[in-house]
Amino acid sequence: MSSHKVFRISHPKPDITLLPMLGMDKEHITHDFKHYYSHRLGRDEHCRSPEYAYKAISLAISDRMVERWKRTYNLQRNQDGKNAFYLSMEFLLGRRLSNAVMNLGVDNEVAKGLYDLGLVMEELVDAEPDAGLGNGGLGRLAACFIDSCATLNLPVTGYGLRYEYGMFIQEIVNGEQVEKPDHWLRNGNVWEIERPEYITRIKFGGRTETHIDENGHKRICWVDTRDVLAMPYDTPVPGYKNDTVNTLRLWKAMATEDFNLQEFNAGDYAEAVAQKNTAENITMVLYPNDANENGKVLRLQQQYLLASASLQDVLAHWVGRHGRDFSKFAEKNCFQLNDTHPSIAVAELMRLLVDIYGLSWKNAWQITLQTMAYTNHTLLPEALEKWSVPLMRQLLPRLLDIIFAINADFMAEVSARWPGDKPRQARMSIIEEGSVQYVRMAYLAIIGSFSVNGVAALHSDLLKQGLFQDFYALWPEKFNNKTNGVTPRRWLAGCNPELAKLITSTIGDGWITDLSHLAKLKPYADDPAFRAQWRQIKQFNKQKLIDLKQQELQIDIDADAMFDVQVKRIHEYKRQVLNILHVIHLYDRIKRGDTQNWVARCVLIGGKAAPGYAMAKRIIKLINNVANVINNDVQVGKQLKLAFLPNYRASAMEKICPGTDLSEQISTAGKEASGTGNMKFMMNGALTIGTLDGANIEIRDEVGAENFFLFGLTAAEVEATHAHYNPRRLIQQDSDLQRVMHLLECGHFNQFEPGIFDDILASLKSPQDPWLTLADFRGYIDTQKRVEQLWRDPEQWTRMSILNTAASGKFSSDRTIAEYNRDIWKLAPITADS
Ligand SMILES: *Cc1c(COP(=O)(O)O)cnc(C)c1O
């Protein structure tokens, strides 16, 4: 960078960083806390805002993490082994303080130290804004994965984007979702370290030129580009009590320093400076669409910035150590693509190796094919990313050329394998033909990767049989499954300290890093004294959840009611509407006086709708309207409550899952790739009512069919039903369903808002309803009755709850990551004594 002057210190000695390690005891930590509080932040005892105390303790903890982070970095560098890089457009980290304190093993010392100063740790923890750099499951998975990588001592670096605005904040006004911007960085971010020394330059636009280099080889130059800089920010990622601290590197887009003043005459200086904004817009905001592609130019710019900056970073590091010798590059590096979002990386690695480092096409392709691995996250056609060829030609002309070249080679391979099979060639081409051509990003990812995995057994099978069947026929060896998991540090040890304590005092603390130990709890399910303790903790967690929500929701919740919870993104395939139909059915029964053996329920539903997804937003309105009617009906009283939990996010889930009795996992079979909310609930002792979808199937396999409330069509039955689906007949044949539909259609829940639910009703009654909601109504209602039967026997319920936690060992992301490493990455763990 011409205008970026680098000053260097002449002769730094190693002593420059030689310091004794900071103390991990209460005294040293509180000393540093006070120092930051009073000196860096300039506060004293008159300051009553918990935010500064949160910041001061975080700075003290961050210092300790940074020591280990640098040490880990040097260890990994010196061992010169293989590294993996997890490329993801989303990292839904949530809060960092409590996790850092737990993983560093200083939770007790910190809590005691703060208590001595009159501070309550939990209040400081709650002052931290969520790092909401993700939509839902996919982004949270990336966060769980980097936690597990660090805990397993694996040299894995996360690469993502540092969005200025994270997932929007959801408010509910008159029952409807209102989006507020989430400026999560407004008060600074103590967990990141800016790394200007690793700024990279990203090209956009321009055109390509061919010329002959000094060796007579044809070289392609990408010229006349409009460049943007990517500034890395490192967030240390601590492993659990193992002194490993890995790196999450997030890129922020910036204007180049030499932004083009020449293009403007002197009078337009301000105009030129204002141009900076277009560059910085690239990482301004996270796109709030879950399981839905979007096609906006800015989104493609984001994807390319992530791929290009990350690959340039890795290659620059490689060349710094090995020069331009790439013969061992593939042995030493692996890139895991989290969905198709970063799959332009396949073409970008080719560009860097061929255009910048001068490798032959053939050699570069070998390297690419040995280093890229792709994880698919969805079968929903609306989520499969496609970019129009004209858009790509304008924005990334060199990348488009490379994609066409990759496709030409690939088409030759396909026609060699299936000579003359033109339809198959058209089906498999990266380029979708039509009046406008499109680039199919998933195909680029499959063709350029040595590994393609789905995220649960069913999902991986459906990929092979359906969406990617042609590719499976060609390269069966590429396809594999990696069932998702969640980190037990955040999702059990951290969020449910009471239960964690009981578990540890019963079976020891080995479960925290080897969740299969939870199986040792199984015999205790038959121990009445243990069950009593288990039940007491669930009750305590429910009360905590009530205390938290009572005020905000303004309804009277009874801790003895069954807490029946569905929290996840609002989407038709997740079928929040089916849940509501059941609630309306219960309401109808109360109104009819059909309340023998009644089980009091509190139904909680939460989740964000994509701002452009009208149907999902209408579903939120429906939930709130039904809640209003039910909660204000004196005849209903405590027998049934319904509440919408606003602004569902990671930190909310940490409070919700420990207090849940019944976990709703009721998607249309074959549509939820895996789900991970289902796993968090199971770990925390909720029973699941669910369909045979995603990881639900494996959850049921682990816990046993007798400990899982199954209902609904199978994925195969769903496919077979579409041809003859007749929802009107289902309504006629089922008097319960008839009454529920009648209440909705007569406007019982929208007396002063006529017609607002017509779209929802029309889709329920449509023979084309892709989600077959009414097909599963009867099974769902009957299964909910079985749930109630069990609830009436608290001993049996508790027994099953214990068995669910005991069987949840498989769903640790440590197990998932160990499998990624065994089958795909093949990294050696790195510790000080390895
Ligand atoms: C776990 C989690 C999800 C994923 O939930 P699913 O039920 O698997 O869709 C989404 N959002 C947040 C905040 C989560 O913590």
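Residues numbered from 1 in each chain as written. Predicted model: local features only at pLDDT ≥ 70, side-chain atom pairs only at ≥ 80, totals over all residues. Heavy atoms only, no water.

Draft legend 1. Structural detail: the overall build of the protein. A count of helices and strands for the protein gives 32 helices and 25 strands. For 834 residues, the compact-globule estimate of 2.2 N^0.38 gives 28 Å, and the protein sits close to it at 28 Å. Seen through its C-alpha atoms, the protein measures out along the principal axes to roughly 90 × 75 × 60 Å. Long-range pairs, those at least 24 residues apart, make up 77% of the contacts in the protein with a sequence separation of at least 6. (Helix = DSSP H or I, 4+ residues; strand = E, 2+ residues; numbered from the N terminus. Rg over C-alpha atoms; globule rule 2.2 N^0.38 Å. Contact = heavy atoms within 4.5 Å.)

Draft legend 2. Molecular detail of the pattern of salt bridges. Scanning the model with the defined rule gives 59 salt bridges in all. The salt bridge involving Arg427 is made with Asp470; its shortest N-O contact spans 2.8 Å. Of the two residues, Arg427 is situated in helix α14 (residues 422–428) and Asp470 in helix α17 (residues 469–474); the sequence distance between them amounts to 43 residues. Judged by its relative accessible area of 11%, Asp470 is buried. Within this structure, Asp588, Arg589, Arg592, Asp594, Asp734, Asp736, Arg739, Arg778 and Asp782 form a network of salt bridges that share partners. (Salt bridge = Lys/Arg side-chain N within 4 Å of Asp/Glu carboxyl O. Buried < 20%, exposed > 50% of the residue type's maximum accessible area, 1.4 Å probe, protein only.)

Draft legend 3. Main features of the packing of helix α30 (residues 777–791) against helix α31 (residues 794–806). The interhelical angle for the contact between α30 and α31, taken along N-to-C directions, is 110°, at an axis separation of 6 Å. Between α30 and α31, the crossing angle belongs to the class labelled roughly perpendicular. On α31, the residues that touch Val787, Leu790 and Trp791 of α30 are Pro794, Gln796, Trp797 and Met800. Partitioned by chemical class, the residues of the contact of α30 with α31 number six nonpolar, one polar and no charged. (Axes fitted to C-alpha atoms, helices over the stretch in contact; angles between N-to-C directions. Parallel < 35°, antiparallel > 145°, perpendicular 65-115°, else oblique. Nonpolar A, V, L, I, M, F, W, Y, C, P; charged D, E, K, R; others polar.)

Draft legend 4. Helix α28 (residues 735–745), seen in detail. Inspection of α28 places Asp736, Leu737, Val740, Met741, Leu743 and Leu744 among the buried residues, and these make up the whole buried set. For α28, the angular spread of the buried residues around the axis is 155°, confining them to a single face. Contacts from the buried residues of α28 go to α21 (576–592), α22 (614–631), α27 (727–733), α29 (758–765) and α30. Regarding α28, its N-cap is Asp734, as a side-chain oxygen of that residue lies 3.0 Å from the backbone nitrogen of Asp736 further along. Just beyond α28, the residue with positive phi is Gly747, at close to 80°. (Arc of directions from axis to C-beta. Polar contact = N/O pair within 3.5 Å; in protein donor to acceptor, adjacent residues only side chain to side chain.)

Draft legend 5. Region of the structure containing α22. With 18 residues, α22 extends 26 Å between its outermost C-alpha atoms, agreeing within 8% with the 26 Å of an ideal straight helix rising 1.5 Å per residue. The buried count for α22 comes to 13 of 18 residues, which makes it a mostly enclosed element. (Expected span 1.5 Å × (residues − 1).)

Draft legend 6. Up close: the state of the cysteines. The final tally for this structure, using the stated rule, is zero disulfides. Looking at Cys144, it has no disulfide partner, and the nearest cysteine sulfur is the one in Cys495, 11 Å off. (Disulfide = S-S within 2.5 Å.)

Draft legend 7. A look at the site of the ligand. Around the ligand, the structure places 13 residues, and the nearest of them are Lys568, Lys574, Thr676, Gly677 and Lys680. Within the side chain of Lys568, one N or O atom sits 2.8 Å away from an oxygen atom of the ligand. One of the side-chain N or O atoms of Lys574 is found 2.7 Å from an oxygen atom in the ligand. If the ligand stood free it would expose 390 Å²; the protein chains cover 96% of that surface. Of the residues belonging to the shell around the ligand, the class tally is four nonpolar, five polar and four charged. (Near = heavy atom within 4 Å. Areas by Shrake-Rupley, 256 points an atom, 1.4 Å probe, with all protein chains shown as cover.)

Draft legend 8. Region of interest: the pairing of strand β11 (residues 226–238). Of all 13 residues that make up β11, 12 are buried, and the element is covered over most of its length. In the sheet, strand β7 (residues 193–194) pairs with β11 via two bridges, with the strands oriented antiparallel. Within β11, the residue paired with Ile193 across the bridge is Asp234. When strand β8 (residues 200–204) meets β11, the two strands line up antiparallel, connected through five bridges. Of the residues in β11, the one forming a bridge with Lys203 is Asp227. Here 11 bridges tie β11 to strand β12 (residues 245–255), and the two strands are oriented antiparallel to one another. Along β12, the bridge assignment pairs Val237 with Asn246. Here β11 folds back onto β12, and the loop between the two strands holds six residues, one of which, Lys241, carries a positive phi near 45°. (Pairing = 2+ DSSP bridges.)

Draft legend 9. Region of the structure containing the side chain of Gln170. Tracing the backbone through its elements, the reader meets Gln170 in strand β5 (residues 169–173). A distance of 2.8 Å separates the side chain of Gln170 from the side chain of Gln177, its partner in a polar contact. Within the structure, the side chain of Gln170 is placed 2.9 Å from the backbone oxygen of Gly607, a separation counted as a polar contact.

Draft legend 10. Up close: the pairing of strand β24 (residues 687–690). Taking every second residue as pointing to the same face, both faces of β24 are buried, with Leu687 and Ile689 on one and Thr688 and Gly690 on the other. In this sheet, β24 lies alongside strand β23 (residues 662–665) in parallel orientation, the contact comprising four bridges. For Glu664, the partnering residue across the bridge sits in β24 and is Ile689. Considered for its hand, the β-α-β crossover made up of β23, helix α24 (residues 677–683) and β24 is right-handed. Taken together, β24, helix α25 (residues 696–703) and strand β25 (residues 709–710) constitute a β-α-β crossover, and its handedness is right-handed. (Right-handed = clockwise from strand over helix to strand, strands pointing away.)

Draft legend 11. The arrangement of empty space enclosed by the protein in detail. On inspection of all chains with the given rule, the structure shows eight cavities of 30 Å³ or more. In terms of lining residues, the largest cavity is bounded by 16 residues, among which Leu93, Arg96, Asn99, Val237 and Arg490 are the most central. Taken together, the elements giving at least two residues each to the lining of the largest cavity come down to α3 (97–103), α6 (137–151) and β11. By residue class, the composition of the lining of the largest cavity is nine nonpolar, three polar and four charged. The calculated volume of the second largest cavity comes to roughly 110 Å³. Residue lining of the second largest cavity: 13 residues in total, with Glu572, Val577, Ile619, Ser763 and Thr773 positioned closest to the centre. The set of elements that each furnish at least two residues to the lining of the second largest cavity consists of α21, α22 and α29. The dominant element in the lining of the second largest cavity, judged by the number of residues it contributes, is α29, at three residues. (1 Å grid on protein atoms, 1.4 Å probe; cavity = no way out; pocket = protein on both sides within 12 Å on 5 of 7 lines; lining within 4 Å. Points joined across faces, edges and corners; volume = space filled by probe spheres on them.)

Draft legend 12. Seen up close, the packing of helix α1 (residues 26–40) against helix α4 (residues 107–116). Closest axis-to-axis distance for the α1/α4 pair is 9 Å, and the angle between their directions is 55°. With respect to each other, α1 and α4 are oriented oblique. Crossing handedness for the pair α1 and α4: right-handed. Contacts between α1 and α4 involve Lys26, Ile29, Thr30 and Phe33 on the former and, on the latter, Glu109, Val110, Lys112, Gly113, Leu114 and Asp116. Residue composition of the contact of α1 with α4, by class: four nonpolar, two polar and four charged. (Left-handed = near helix turned anticlockwise from the far one by under 90°.)

Draft legend 13. Expanded view of the side chain of Ser808. Here Ser808 shows up in the loop between α31 and α32 (813–825). Residue Ser808 is classed as buried on the basis of its relative accessible area of 0%. Among all residues touching Ser808, those that are not within four sequence positions of it are Leu515, Leu518, Met682 and Met683.

Draft legend 14. Highlighting the sheet that holds β23. Strands sit in the order β22-β21-β20-β23-β24-β25 across an open sheet of six strands; the sheet is parallel. Two strands lie at the open edges of the sheet, namely β22 (640–645) and β25, each paired on one side alone. Pairing analysis gives two bridges linking strand β20 (residues 562–567) to β23, with the strands arranged parallel. Counted as the bridge partner of Asp564 is Leu662 from β23.

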